[in-house]
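Examining the three-dimensional arrangement
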Amino acid sequence: MATAQRTEIDLGPTQALYPFAQQRIAVPGGTMSYVDEGSGPVVVLLHGNLTWSFYYRRLILALREAHRVIAPDHLGCGLSDKPQGYLYQLANHIKNLALLLRQLGVAEADLVVHDWGGPVGLGYAVRHELRLRRLVVMNSLAFLPPRVPLPVALGQVAPLGDLLSRRLGLTPYAAPWDTPTLPQDVREGHLMPYRSHHDRIALQRFVEDLPTHPSHPTWPLMEAIDRQIGQFRETPALILWGGRDTFFDDSFLSGWMQRFPLASAARYDEAGHYLLEEAPGEVASRIVRFLA
């Protein structure tokens, strides 16, 4: 049985932006860190690659007055352990989420997903272990990619990907040309857990795990999730999209709209992949109203 424990972690200057107590749960390969704030209907916030639960800090503060908000850091990300020999694949991230939500007694929830949070969250929900009340999607996928983003194509070329993302640390948050308006303290908060080659292992493994051809080990699972998400076709859904995203462009947005034709949707032309950082007030307010 997985057990959870509450810990206090000194985050230095980032603590002021991210004032949440951390909980930890043992999973195969290490321990996962997560935030569990507030009480009421459960909202699960799932981050993706290059980020961690810090990305959702404003939503946690806004939602916890009326909801129980659970925001995990995937193994290898954020404040979770970063085992070097672990198999960082979608199937295992889904299993870890399952362990967490079972331990916390969560059988029904709203899901908010970004980037890899989409296939992790919906990959769990389609197994009928989670009653999905409402869904919020931001620049994500839960289906086979309609195109291979150039950064992914480059990142899957060994040893180029390891050189770029792990050894040189060329993540979008470290690159001022990607998010030029990001305040320095916010940038530091995002980068804080990913300072070394050791700490950046999951960032590169996420890139490697995007299924780009039928022989890829994650291809069958992503294909299966796509076949099954039709069960949520009439689930209330909100799709919010950064139009300047170099990873998930409008072909991914079209993929979501085809699968969730009843969803409310908004495209933010001047924002990119990190929508909650680039249009924070408007996007957060819209999500809070949708989940009210």
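Preceding this section is the structure that the text describes.
Residues numbered from 1 in each chain as written. Predicted model: local features only at pLDDT ≥ 70, side-chain atom pairs only at ≥ 80, totals over all residues. Heavy atoms only, no water.

Let us look at the overall build of the chain. Along the backbone of the chain there are 11 helices and nine strands. Looking at the 292 residues of the chain, the share that counts as buried comes to 57%. When contacts within the chain are restricted to residue pairs at least 6 apart in sequence, those whose partners lie at least 24 apart make up 74%. (Helix = DSSP H or I, 4+ residues; strand = E, 2+ residues; numbered from the N terminus. Buried < 20%, exposed > 50% of the residue type's maximum accessible area, 1.4 Å probe, protein only. Contact = heavy atoms within 4.5 Å.)

Time to look at the side chain of His-47. Checked against the element boundaries, His-47 lands in the loop between strand 4 (42–46) and helix 1 (57–63). Among the polar contacts made by the side chain of His-47, one reaches the main-chain carbonyl oxygen of Thr-51 at a distance of 3.5 Å. Other than its neighbours up to four places away in sequence, His-47 contacts Trp-52, Ser-53, Tyr-56, Pro-72, Asp-73, His-74, Cys-77, His-114, Trp-116 and Gly-117. (Polar contact = N/O pair within 3.5 Å; in protein donor to acceptor, adjacent residues only side chain to side chain.)

On to empty space enclosed by the protein, then. Counted by the stated rule, this structure contains one cavity of 30 Å³ or more. Looking at the largest cavity, its volume works out to about 130 Å³. If you go around the largest cavity, the residues you meet are Asn-49, Leu-50, Asp-115, Trp-116, Val-152, Phe-206, Val-207, Leu-210, Phe-247, Phe-248, His-273 and Tyr-274. Residue composition of the lining of the largest cavity, by class: nine nonpolar, two polar and one charged. (1 Å grid on protein atoms, 1.4 Å probe; cavity = no way out; pocket = protein on both sides within 12 Å on 5 of 7 lines; lining within 4 Å. Points joined across faces, edges and corners; volume = space filled by probe spheres on them. Nonpolar A, V, L, I, M, F, W, Y, C, P; charged D, E, K, R; others polar.)

With that settled, consider the environment of Arg-134. Within the element layout of this structure, Arg-134 appears in strand 7 (residues 131–140). Judged by relative accessible area, which is 18%, Arg-134 ranks as buried. With residues up to four places along the chain from it excluded, the contact list for Arg-134 reads Ala-109, Asp-110, Leu-111, Thr-235, Pro-236, Phe-290, Leu-291 and Ala-292. Within the local environment of Arg-134, its side chain forms a polar contact with the side chain of Asp-110, the two groups lying 2.9 Å apart. Here Leu-291 takes part through its backbone oxygen, which lies 3.0 Å from a polar atom of the side chain of Arg-134.

A complete count under the given rule lists 18 salt bridges for this structure. Arg-133 is paired through a salt bridge with Asp-110; the nearest N and O atoms lie 3.3 Å apart. Taken together, the residues Arg-133 in strand 7 and Asp-110 in strand 6 (residues 108–115) connect sequence positions 23 residues apart. Looking at Arg-133, the relative accessible area reads 22%, which means it is partly exposed. (Salt bridge = Lys/Arg side-chain N within 4 Å of Asp/Glu carboxyl O.)

This next bit is on the environment of Val-42. Summarising the element assignment, Val-42 is placed in strand 4. Between the alpha carbons of Val-42 and Glu-108 there is a distance of 7.1 Å; along the sequence they are 66 residues apart. Excluding anything up to four places from it in sequence, Val-42 contacts Arg-68, Ile-70, Val-106, Glu-108, Ala-109, Asp-110 and Arg-133.

On to unusual backbone geometry, then. Positive phi is not limited to glycine here, since Asp-115 has a value of about 55°. Along the chain, Asp-115 falls in strand 6. Looking at Asp-115, the relative accessible area reads 6%, which means it is buried. You will see that His-128, though not glycine, has its phi angle at about 65°, which is positive. Looking at where His-128 falls in the secondary structure, it is placed in helix 3 (residues 117–129). Judged by its relative accessible area of 64%, His-128 falls in the exposed class.

Enumeration according to the criterion identifies 10 aromatic pairs in this entry. Centre to centre, the rings of Tyr-18 and Phe-54 are 6.0 Å apart; their planes meet at 45°, and the pair counts as tilted. Of this pair, Tyr-18 sits in the loop between strand 1 (4–7) and strand 2 (22–27) while Phe-54 sits in the loop between strand 4 and helix 1, and the two are 36 residues apart along the sequence. Since its relative accessible area comes to 0%, Phe-54 is described here as buried. Note on Trp-116 and Phe-206: the rings are 5.5 Å apart at their centroids and 40° apart in plane angle, and the pair reads as tilted. Within this pair, whereas Trp-116 is found in the loop between strand 6 and helix 3, its partner Phe-206 is found in helix 7 (residues 201–209), the two being separated by 90 residues in sequence. Owing to a relative accessible area of 4%, Trp-116 belongs among the buried residues under this scheme. Classification of Phe-206 by relative accessible area gives buried; the value is 3%. Each residue in the set Tyr-18, Phe-20, Trp-52 and Phe-54 is aromatic and connected to the rest through ring pairs, giving one cluster. Over the aromatic face of Phe-54 sits the side chain of Arg-57, whose NZ or CZ is 4.2 Å from the ring centroid. (Phe/Tyr/Trp six-rings, centres within 6.5 Å; stacked < 30°, edge-to-face > 60°. Lys NZ or Arg CZ within 6 Å of the ring centre and 35° of its normal.)

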